Amino acid sequence: MRILLVGSKKAGVKYCLSCLFLLTMLAAAAAMKFLLPASGATTVQGCLPLADKTIVLDPGHGGYDPGVMANNVEEKKVVLEIALLLRDYLQASGARVVMTRETDRDLLVLPAAGPKKQQDMRNRMKIAAAAAPDLLLSIHANAITSPRWRGAQVFYKTDHEQAKMLAEAVQQQLRRVLGNTDRLSKPGDYYVLNEAECCAVLVECGFISNPEEAQLLADPAYQAKVAWAIYLGVLQHLAQPPETAQ
Ligand SMILES: [Zn+2]
């Protein structure tokens, strides 16, 4: 400002414009240094935390199979919404995400040979195997006859140390983010976990049979919280040092 007072008005304006131009160039140079890789081999994509990871997301049920239904809530719809949000979070962190379904559909190839459920599950696992993923997450919601029970819970592939660690990380984040359960992760005897060839967990996002939790699970804001918690668990697990995370 003092420059304008000592010089002519015209010269002052010119000086200010020169300064502005110089500052703009410096800012652009700083931005380029920040955005561009230090070496030609690195890319911005390569800097993302899940850049080299492939993750299969399996929203349970779909199409002919609604999953569990209670309190006017269908499992197949809730888990698809959560999985689609989780896909977006993982992709934003650089992961390659392969979904077993992205719409309300089953995995049957008609005419179905043998029981529908078996063919549907076999085809899900074919998609998973073809993706050769680092992780597989199957997303479900629970229901039992008593309306009393509630709380999200993570099950992991039996005798798989990495799956156990992933389940613990996701369960920890579900407890922290949702703030409404103290459940612990457990090994699970599920087809999708038994057949998976990689680190695999199954997330039961809550109990549709509990009226209050059913309403939460149908709420898009709560679905986003569940997806965010699962995402943080995945990030926490994969961020561990290679000797313990691989
Ligand atoms: Zn289910």
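Because the structure is predicted, anything quoted here is derived from the model rather than measured.

Visitor: Which residues make up the overall build of the protein chain, and what are the values?
Guide: Per the secondary structure count, the protein chain includes ten helices and eight strands. In the protein chain, which comprises 246 residues, the proportion classed as buried is 36%. Sequence-distant contacts in the protein chain: of pairs separated by 6 or more residues, those separated by 24 or more amount to 75%.

Visitor: Hey, could you go over unusual backbone geometry for me, with residue numbers and the actual values?
Guide: We note that His-61 has phi near 65°; this positive angle belongs to a residue other than glycine. Within the element layout of this structure, His-61 appears in the loop between strand E1 (54-59) and strand E2 (69-70). Take His-61: there are 25 C-beta atoms within 10 Å of it, and that puts it in the buried class. Within the chain, Asn-72 stands out as a residue other than glycine whose phi angle is a positive 60°. Take Asn-72: it is sitting in the loop between E2 and strand E3 (73-74). For Asn-72, a count of 10 C-beta atoms within 10 Å translates into the label exposed.

Visitor: Which residues make up the packing of helix H4 (residues 75-92) against helix H9 (residues 220-238), and what values go with them?
Guide: Here H4 crosses H9 at 50°, and the two axes come no closer than 8 Å. One finds that H4 runs oblique with respect to H9. Crossing of H4 over H9 shows right-handed handedness. Listed contacts from H9 to Val-78, Glu-81, Ile-82, Leu-85, Leu-86, Tyr-89 and Leu-90 of H4 are Pro-220, Gln-223, Ala-224, Val-226, Ala-227, Trp-228, Ile-230, Tyr-231 and Val-234. Tallied by class, residues from the contact of H4 with H9 come to 14 nonpolar, one polar and one charged.

Visitor: Let's hear about the nonpolar core: which residues, and what values?
Guide: Counting 54 residues, the largest nonpolar core has Val-170, Val-201, Val-203, Cys-205 and Ile-230 as its most contacted members. Not counting chain neighbours up to four residues away, the residues in contact with Val-201 comprise Leu-137, Val-154, Phe-155, Tyr-156, Ala-163, Leu-166, Ala-167 and Val-170.

Visitor: An account of the sheet that holds strand E5 (residues 135-142) is requested, with residue identities and associated values reported.
Guide: Here six strands make up an open sheet; going across it, the order is E4-E1-E5-E8-E6-E7 and the pairing mixed. Of all strands in the sheet, those bounded by a partner on one side alone are strand E4 (96-99) and strand E7 (186-187). The sheet contact formed by strand E6 (residues 153-156) and strand E8 (residues 199-207) spans four bridges and is antiparallel. Each residue of the ladder has a partner; that of Gln-153, found in E8, is Glu-204. Together, E1, E4, E5 and E8 form the strand contacts of H4, whose direction differs from that of E5 by roughly 150°. Here helix H5 (residues 116-131) sits on the sheet and contacts E1, E4 and E5; the angle it forms with E1, its principal contact strand, is near 170°.

Visitor: Please give an account of H4 that cites residues and values.
Guide: Taking 1.5 Å per residue, 18 residues should reach 26 Å; H4 reaches 26 Å between its end C-alpha atoms and fits that length. Listed in full, the buried residues belonging to H4 are Glu-75, Lys-76, Lys-77, Val-78, Val-79, Leu-80, Ile-82, Ala-83, Leu-86, Arg-87 and Leu-90. After H4 finishes, the residue Gly-94 shows a positive phi value of roughly 95°.

What counts as what
Every chain is numbered on its own, with residues counted from 1 as its sequence reads. Local features in this predicted model are restricted to residues whose pLDDT is 70 or higher, and side-chain atom pairs enter the listing and the counts only when it is 80 or higher, whereas totals over whole chains, interfaces and linings include all residues. A run of H or I in DSSP counts as a helix once it spans at least four residues, and a run of E counts as a strand once it spans at least two, with each numbered from the N terminus. Field definition: a residue is buried when 20 or more other C-beta atoms are found within 10 Å of its C-beta, exposed when 12 or fewer are, and partly exposed for counts in between, with C-beta atoms placed from the backbone. Two residues qualify as being in contact provided that their C-beta atoms, derived from the backbone, are within 7 Å of each other. For helices, the fitted line uses only the C-alpha atoms of the stretch in contact; every axis is such a line through C-alpha atoms, and the angle between N-to-C directions lies from 0 to 180 degrees. When an angle is under 35 degrees it counts as roughly parallel; over 145 it counts as roughly antiparallel; between 65 and 115 it counts as roughly perpendicular; any other value is oblique. Handedness of each helix crossing follows the sense of rotation of the near helix against the far helix: counterclockwise by less than a right angle gives left-handed, clockwise gives right-handed. Amino acids are sorted into nonpolar (Ala, Val, Leu, Ile, Met, Phe, Trp, Tyr, Cys and Pro), charged (Asp, Glu, Lys and Arg) and polar (every other residue, Gly among them). Core membership is restricted to buried Ala, Val, Leu, Ile, Met, Phe, Trp, Tyr and Cys residues, and these are joined into a nonpolar core through C-beta atoms within 7 Å. Two strands qualify as a pair provided DSSP detects at least 2 bridges between them. Helices are assigned an expected span. That span is 1.5 Å times one less than the residue count.

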